[in-house]
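Report on the structure
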Amino acid sequence: MISVFFILSNIGEVIVFKNMRQEHDRSVTDPFVEKIKQNGPQKIPPVLIAGGCTYVSVYRGGMFFVVILAKENLSPLYIIESLNKISEEKQIKLKIKPLGEWPENPTSNIGPISLLFECQSYTCSDIHIKKLKVTEQRQNYLPYKWARSVSHGTNYIFRV
């Protein structure tokens, strides 16, 4: 069982802290942060026992995604796989077409770009529908036998 989930920067600043079972306070991150400061971020093992806690971590993109395991047995490999999915990056290449004419020097004169996008067959939360039952009172209704996974990006502005 997961007790605490937190995200740290590579210098040990807490970015996100979620206490799942109310067993620890925020100071539970201190032993892990001390290990980062002593050894450097690249030398932290994926499973670390310090301060009476079992820390399972993944280091990606200059950040640590860390879970503290509760006393029940839970495979650290399962946690590492889940943390890898959470910390994974997705890249999208775009071609931008202006509504009007390009400015003379587009590298310095382009303003903010507003994007609306859709990623098909991908969900940011990694939630998938396993079973869905449709109860329709009309007798002639035939539901489709598929579900579409999609993530919508709305109100995303990139300043160039």
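Notes on the structure in this doc start here.

Criteria and cut-off values
- Residues numbered from 1 in each chain as written.
- Predicted model: local features only at pLDDT ≥ 70, side-chain atom pairs only at ≥ 80, totals over all residues.
- Heavy atoms only, no water.
- Phe/Tyr/Trp six-rings, centres within 6.5 Å; stacked < 30°, edge-to-face > 60°.
- Helix = DSSP H or I, 4+ residues; strand = E, 2+ residues; numbered from the N terminus.
- Buried < 20%, exposed > 50% of the residue type's maximum accessible area, 1.4 Å probe, protein only.
- Pairing = 2+ DSSP bridges.
- Axes fitted to C-alpha atoms, helices over the stretch in contact; angles between N-to-C directions.

Things to note about the packing of aromatic side chains
Throughout the structure, instances matching the rule amount to 5 aromatic pairs. Measuring from ring centre to ring centre gives 5.4 Å for F32 and F64, while their planes differ by 85°; the resulting arrangement is edge-to-face. Of this pair, F32 sits in helix α1 (residues 30-39) while F64 sits in strand β5 (residues 63-69), and the two are 32 residues apart along the sequence. In this structure F32 comes out as buried when scored by relative accessible area, which is 0%.

What about the sheet that holds strand β2 (residues 14-19)?
An order of β2-β1-β5-β4-β3 is seen for the 5 strands of this open sheet, with the pairing classed as antiparallel. Among the strands making up the open sheet, the edge pair consists of β2 and β3 (47-50). Neighbour-to-neighbour, the strand axes of this sheet turn through a mean angle of 20°, independent of strand direction. Pairing of strand β1 (residues 2-9) with β5 involves 7 bridges; the strand directions are antiparallel.

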